[in-house]
There are 2 protein chains.
Amino acid sequence: MQMLRAYFKGFGEISMEDMDFLVHRCTEKALAKGEKLIRPHQHVDSIYFIASGFLHYFSHNEFGERTTLKVISPNHCWTIMDSFFHQRTTLDECQALTDVSYCELKRSDYTEVKLHNKDLANFIQTVTEYILSSKVVEENKKSKMSIEERYLDLLQYHPDMVQQVPVNIIASYIGTSRETLHRIRRKLTAA
Amino acid sequence: MQMLRAYFKGFGEISMEDMDFLVHRCTEKALAKGEKLIRPHQHVDSIYFIASGFLHYFSHNEFGERTTLKVISPNHCWTIMDSFFHQRTTLDECQALTDVSYCELKRSDYTEVKLHNKDLANFIQTVTEYILSSKVVEENKKSKMSIEERYLDLLQYHPDMVQQVPVNIIASYIGTSRETLHRIRRKLTAA
DNA sequence: TTGTTAATGTGTCAAATGACACAGTTTTTG
DNA sequence: CAAAAACTGTGTCATTTGACACATTAACAA
């Protein structure tokens, strides 16, 4: 919970009262490795903050092949936005790649927080803008990099992920096959 | 301007007064083909709504090669979020691929709108959530598709873009070279 | 309108990639 | 603990891709 407070503080000014109001609406939970956070056809009615561990957010294409949409790292907020904001079911899935501890904020509480007072509404707006902005920055960065550069970037900024997450999932996350990633790793250790 | 009103209406309820307050802060402008909307090292202090035409949003990687980050279509809001929200300069560029007409909302006006009343603040929050959600949906969709599928998708949903934008830019937008896109097109016309 | 530049179509070839196949290792689970 | 399942390393090979080269056409500007 301390971690969640620190996370929120990073977005700017917020009074102690507002912070408490916000944080008290979050519930601490855990998943064991392999457990699912989101199943197909589920309504996603919460925002999640990952405190520790890694999650695998994936989907299936027309012919049932699994595609990794994201590997979710600690100290990030995440949800399936489309399902959360528009109250639709999702076909995607999300599963714990390791033991995970996280905080959950339900939609009803999210709405309540936004309506509580002007400062909190403003704060949530700032957080949303911030997340939107980082999404785009992240996507643009990725699109400028080759597969190898993406892997080096992971090594640099998410070394734990590289250690704890299976190679095939890392590979599909950076947009290639497990074999090609293997070739890259072999080349890098050779050098 | 009628187009902008219709665009905003798509996000939900908004009173006539609020709509007017919002729309009156937007200025109609135009770019001729080839003109730049954003230059390197610029501060981006506005949000843009594209009424007609296409824009090329691009960047350069470590060794100066140009990468297409997006081709911006009519009836969309766009800005370089990172620069706009955090008041930083950007290294990216944005240039008109055709004659373009657009509306501009300056940051100061954006801030004013958010502070004007609770309903408008709420409305802007809804728009932001909506844009965030579509960004992610779009990105996920793209990551599930092959290059060829992306091209077919463009043909289906953005036929004007395919006609009006140069092949090399379409190619880099969907993540390949101009030659490979050419091979795809040849194959498709053969069939 | 004409010279210049940008855009397109297409072939060749070396390099990168994905699909398979299979052996060795680690992890899970009954 | 033992069997099963998941994960990893690695080789082969057909396919795809990108880089280059160059001819042709379209768009633009002096």
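Residues numbered from 1 in each chain as written. Chains lettered and ligands numbered in written order. Predicted model: local features only at pLDDT ≥ 70, side-chain atom pairs only at ≥ 80, totals over all residues.

**Student:** Any details on the protein's contact with DNA strand C? Residues and values, ideally.
**Tutor:** Surveying the vicinity of DNA strand C reveals 13 residues, the closest of which are Thr-176, Ser-177 and Thr-180 of chain A together with Pro-166 and Val-167 of chain B. Of all the secondary structure elements, the ones that give two or more residues to the surface near DNA strand C are helix H9 (178-190) of chain A together with helix H8 (167-174) and helix H9 (178-190) of chain B. Looking at which element gives the most residues to the surface near DNA strand C, the answer is H9 of chain B, with three residues. Residue classes in the surface near DNA strand C are distributed as three nonpolar, six polar and four charged. (Near = placed C-beta within 6 Å. Helix = DSSP H or I, 4+ residues; strand = E, 2+ residues; numbered from the N terminus. Nonpolar A, V, L, I, M, F, W, Y, C, P; charged D, E, K, R; others polar.)

**Student:** Explain the relation of the copies chain B and chain A to me, and be specific about the residues and the numbers.
**Tutor:** Here chain B sits on chain A after a turn of 180° about the axis and a move of 0.0 Å along it, with an RMSD of 0.0 Å. On the angle and the small slide along the axis, the relation comes out as a two-fold axis. A high fraction, 100%, of the interface residues of chain B reappear at the interface in chain A, so the copies pair face to face through one surface. (Least-squares fit on C-alpha atoms with pLDDT ≥ 70 in both. Contact = placed C-beta atoms within 7 Å.)

**Student:** I'd like a description of the interface of chain B and chain A, backed by residues and values.
**Tutor:** Listed per partner, the contact involves 24 residues of chain B and 24 residues of chain A. Here the residues of the side of chain B that touches chain A are counted per class, giving nine nonpolar, nine polar and six charged.

**Student:** Can you explain the nonpolar core? Please cite residues and give values.
**Tutor:** Grouped burial of nonpolar side chains is what soluble globular proteins tend to show. Of all hydrophobic cores here, the largest spans 64 residues; its most connected members are Ile-50 and Leu-55 of chain A together with Ile-50 and Leu-55 of chain B. With sequence-adjacent residues up to four places away left out, Ile-50 of chain A is seen in contact with Leu-55, Ile-72, Ser-73, Pro-74, Asn-75, His-76, Trp-78, Val-100 and Tyr-102 of chain A. (Core = buried A, V, L, I, M, F, W, Y, C linked by C-beta atoms within 7 Å. Buried ≥ 20, exposed ≤ 12 C-beta atoms within 10 Å, placed from the backbone.)

**Student:** I'd like a description of the protein's contact with DNA strand D, backed by residues and values.
**Tutor:** Contacts to DNA strand D come from Pro-166, Val-167, Asn-168, Glu-179, His-182 and Arg-186 of chain A together with Lys-33, Ile-147, Thr-176, Ser-177, Glu-179 and Thr-180 of chain B. Of all the elements in the fold, those that place two or more residues in the surface near DNA strand D are helix H8 (167-174) and H9 of chain A together with H9 of chain B. When the residues that make up the surface near DNA strand D are grouped by side-chain class, the tally is three nonpolar, five polar and four charged.

**Student:** So what about the sheet that holds strand E10 (residues 100-106) of chain A? Which residues, and what values?
**Tutor:** Residue and element names in this part refer to chain A. Spatially, E1-E10-E4-E7 is the arrangement adopted by the four strands of the open sheet, whose pairing is antiparallel. The open sheet has two free edges, formed respectively by strand E1 (26-31) and strand E7 (76-78), since each of these has just one partner strand. Shown here is a sheet whose adjacent strand axes are inclined to one another by a mean of 30°, direction ignored. Of the strand pairs in this sheet, strand E4 (residues 46-52) and E7 are connected by three bridges, and their pairing is antiparallel. Across the sheet, Ile-50 pairs through a bridge with His-76, a residue of E7. (Pairing = 2+ DSSP bridges. Axes fitted to C-alpha atoms, helices over the stretch in contact; angles between N-to-C directions.)

**Student:** Pulling in residues and values, what's your account of H8 of chain B?
**Tutor:** Residues and elements named next belong to chain B. Buried residues of H8: Ile-170, Ala-171, Ser-172, Tyr-173 and Ile-174, and no others. The secondary structure elements touched by the buried residues of H8 are strand E6 (66-72), helix H6 (147-157), helix H7 (159-164) and H9. Downstream of H8 by a residue or two, Gly-175 has a phi angle that is positive, lying close to 95°.

**Student:** Which residues make up the packing of helix H1 (residues 2-9) of chain B against helix H2 (residues 16-23) of chain B, and what values do they have?
**Tutor:** All names here are of chain B. For the pair H1 and H2, interaxial distance at closest approach is 11 Å and the crossing angle is 125°. As the angle between them shows, H1 and H2 are arranged oblique. You can see that H1 and H2 cross each other, and the crossing is right-handed. Where H1 abuts H2, its residues Leu-4, Arg-5 and Phe-8 lie against Met-19, Leu-22 and Val-23. (Parallel < 35°, antiparallel > 145°, perpendicular 65-115°, else oblique. Left-handed = near helix turned anticlockwise from the far one by under 90°.)

**Student:** Which residues make up the environment of Leu-97 of chain B, and what are the values?
**Tutor:** Residues and elements named next belong to chain B. Its place among the elements puts Leu-97 in the loop between strand E9 (93-96) and strand E10 (100-106). The sequence separation of Leu-97 and Gly-175 amounts to 78 residues, and the corresponding C-alpha distance is 18 Å. Not counting residues up to four positions away in its chain, the partners in contact with Leu-97 are Lys-33, Phe-54, Leu-55, His-56, Val-165 and Ile-169.

**Student:** Residue-level account of unusual backbone geometry, with values.
**Tutor:** Residues and elements named next belong to chain B. The residue His-41 is not glycine, and still its phi comes out positive at about 70°. Topologically, His-41 is positioned in the loop between strand E2 (36-38) and strand E3 (42-43). You can call His-41 exposed: it has 9 C-beta atoms within 10 Å. Of note in the backbone geometry, Asn-75 takes a positive phi value of approximately 65° without being a glycine. On the secondary structure map, Asn-75 appears in the loop between E6 and strand E7 (76-78).

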